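Spelled out from the first residue to the last, the chains are:
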Amino acid sequence: MSKDKQIEELSANGLNTRCVHGGRIEDKTWNSVTSPIIQSTAYRYRETEKRGYPRYFESPNQEIVVNKLCALEKTESGILVSSGMAAISTTILALVKSGDHIIIQQEVYGGTSEFFSEVCRPLGIEFSFVKTSVKSINDAITDRTMMIFLESPTNPTLSVLDIKNLVSLVKDKNIITVIDNTFATPINQNPSQLGVDIIIHSGTKFLSGHSDLCSGVVLGPEMYIAKIKSTARSLGGCLNARDCYLLERSLKTLNLRVNQQTNNAVQLARFLFEHPAVTNVFYPGLQTSVYYSIAKSQMNNFGSMITFQLSDDYNADTLMDNLSLIIPASSLGGVETTVSIPWYASHQKMPEDNKLELGITKQLLRLSTGIENIGDLIDDLSFALSECRLTKQSFG
Ligand SMILES: Cc1ncc(COP(=O)(O)O)c(C=O)c1O
């Protein structure tokens, strides 16, 4: 079947239907409604050519989840690995070699930046960190540029890149485009429809959604996935059958969860925008955001991550201490609302000057909105904000 036909078939149903039924298998042995967990690491090779070994990405549970994810991201193929960082590192090591050049947005997840400095540099892979703008990226292209690594919206300042415009500029230059779509989720953004070649997710976040599973996903055309799979076999970071099953179960409610999380985020962002303790709200769904129009045109919805700058008259630690529903935690994407200070969490290892250049201060807080009732979240945040104002004495 042609790639286009396959993608068309995968995307034919509604989103909830694809979440529930995408990739489903008929269990003819036990007639189970949910997928059996096939723990086997060995298969009768005389009966099947398809199954060999889990580390080769050939287990039935991997296949089921990959098919569901392909239906959601509208891609031809994919692999499941043991973390988001495994997805990122495997993709880069599979497609780029010493002497090649990669362009990366400055504002990517801290772990991704570290990977370039700690792993790519010693391997002789060249890279340039650039601002989140089509012009900056285009200006940084050299004749050795093999890959452009994107993240939109970015972590933590939620900048949005005009993806279609960028892809159209580099289309004829033989450059592979890769995007970390973790923050947006396949519900709120489908980069394959904007022309991006490879889509990565930390499955640890929204895809699993319950803060209990570490996993990573790479999706794209089979010609790239075959190459990535081959490297991944050598690196050895496949996802085990039980975790594949957990991920499959989580994905069945992905659309429901992400819609509720996004609706909550829109309302929380408006609440924060009006609050005197907050000097800036970074959320592309606010009409005052410089990214509002581009986000509206390329995303299905604005996502559920919000970052805000607390005024210097308020204490971020006291705010955390006074929250009762919202949990201070450094991960994101779960059904529970969490809050973190990227300075000390996701971007802890980034040099201070770089953090400040990106607008990451000790007063910058990142919220990952969960599925709770919005009134309860606003009450919780409102109380904590009212308690964290510094008194005149503490200024002294
Ligand atoms: C945007 C983004 N990409 C990738 C990762 C890495 O994912 P993992 O922790 O599953 O390796 C993270 C982790 O926080 C992230 O926020």
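The text that follows walks through the structure, step by step, so that each part is easy to find.

**With respect to the overall build of the chain**
Here is step 1: In terms of regular secondary structure, the chain is built from 16 helices and 12 strands.
Here is step 2: Its C-alpha radius of gyration of 21 Å places the chain within 12% of the 21 Å reference for a compact globule of 396 residues.
Here is step 3: Projected onto its principal axes, the C-alpha coordinates of the chain cover approximately 80 × 55 × 35 Å.
Here is step 4: The buried share among the 396 residues of the chain stands at 48%.
Here is step 5: Restricting to contacts in the chain with at least 6 residues of sequence separation, those with at least 24 account for 76%.

**A look at the packing of helix H3 (residues 60–73) against helix H10 (residues 241–251)**
Here is step 1: Taken N-terminus to C-terminus, the directions of H3 and H10 make an angle of 30°; their axes are 8 Å apart at the nearest point. By the angle class used here, H3 and H10 are roughly parallel. Here H3 and H10 pass one another in a crossing that is left-handed. Contacts between H3 and H10 involve Asn-61, Gln-62, Ile-64, Val-65 and Lys-68 from the former and Ala-241, Cys-244, Tyr-245, Leu-247, Glu-248 and Leu-251 from the latter.
Here is step 2: Of the residues that constitute the contact of H3 with H10, the class distribution is 7 nonpolar, 2 polar and 2 charged.

**Some details on the site of the ligand**
Here is step 1: In the vicinity of the ligand, 14 residues are found, and the nearest of them are Ser-83, Gly-84, Met-85, Ser-202 and Thr-204.
Here is step 2: A per-class count over the shell around the ligand returns 4 nonpolar, 9 polar and 1 charged.

**Side note on the sheet that holds strand E11 (residues 338–340)**
Here is step 1: On the basis of which strands lie adjacent, the open sheet formed by 5 strands has the order E8-E9-E12-E11-E10 and mixed pairing. Looking along the sheet, the strands with just one partner apiece sit at the ends: strand E8 (278–282) and strand E10 (327–328).
Here is step 2: Direction of pairing for E11 relative to strand E12 (residues 364–368): antiparallel, over a ladder of 3 bridges. Bridge pairing in E12 places Ser-340 opposite Arg-366.
Here is step 3: Across the sheet, helix H11 (residues 254–274) is in contact with E8, strand E9 (305–310) and E12; its angle to E9 comes to roughly 10°.

**A word on the environment of Cys-70**
Here is step 1: Along the polypeptide, Cys-70 turns up in helix H3.
Here is step 2: Along the primary structure Cys-70 and Gly-22 are separated by 48 residues, whereas in three dimensions their C-alpha atoms are 8.4 Å apart.
Here is step 3: Among all residues touching Cys-70, those that are not within four sequence positions of it are Leu-10, Thr-75, Glu-76, Ser-77, Gly-78 and Leu-219.

**Quick word on the pairing of strand E1 (residues 77–81)**
Here is step 1: In terms of residue burial, E1 counts as a mostly covered element, since 5 of its 5 residues are buried.
Here is step 2: The two faces of E1 match: Ser-77, Ile-79 and Val-81 on one face and Gly-78 and Leu-80 on the other face are all buried.
Here is step 3: Where E1 meets strand E7 (residues 216–220), 5 bridges bridge the pair, whose relative direction is antiparallel. From the neighbouring strand, Val-81 faces E7, where its bridge partner is Gly-216.

**Things to note about the sheet that holds strand E3 (residues 126–130)**
Here is step 1: The strand order across the open sheet built from 7 strands is E1-E7-E6-E5-E4-E2-E3, with neighbouring strands paired in mixed fashion. Edge positions in the sheet fall to E1 and E3, since each of these pairs with one other strand and no more. Averaged over all pairs of adjacent strands, the angle between their axes in this sheet comes to 20°, without regard to strand direction.
Here is step 2: Bridge analysis of strand E5 (residues 176–180) against strand E6 (residues 198–202) gives 3 bridges, and the strand direction is parallel. Bridged to Val-178 within E6 is Ile-198.
Here is step 3: Along the sheet, helix H9 (residues 222–235) contacts E1, E6 and E7; its crossing angle with E1, the most-contacted strand, is approximately 25°.

Reading the values: the criteria
Residues numbered from 1 in each chain as written. Predicted model: local features only at pLDDT ≥ 70, side-chain atom pairs only at ≥ 80, totals over all residues. Helix = DSSP H or I, 4+ residues; strand = E, 2+ residues; numbered from the N terminus. Rg over C-alpha atoms; globule rule 2.2 N^0.38 Å. Buried ≥ 20, exposed ≤ 12 C-beta atoms within 10 Å, placed from the backbone. Contact = placed C-beta atoms within 7 Å. Axes fitted to C-alpha atoms, helices over the stretch in contact; angles between N-to-C directions. Parallel < 35°, antiparallel > 145°, perpendicular 65-115°, else oblique. Left-handed = near helix turned anticlockwise from the far one by under 90°. Nonpolar A, V, L, I, M, F, W, Y, C, P; charged D, E, K, R; others polar. Near = placed C-beta within 6 Å. Pairing = 2+ DSSP bridges.

Any functional reading would require information that these geometric values do not contain.
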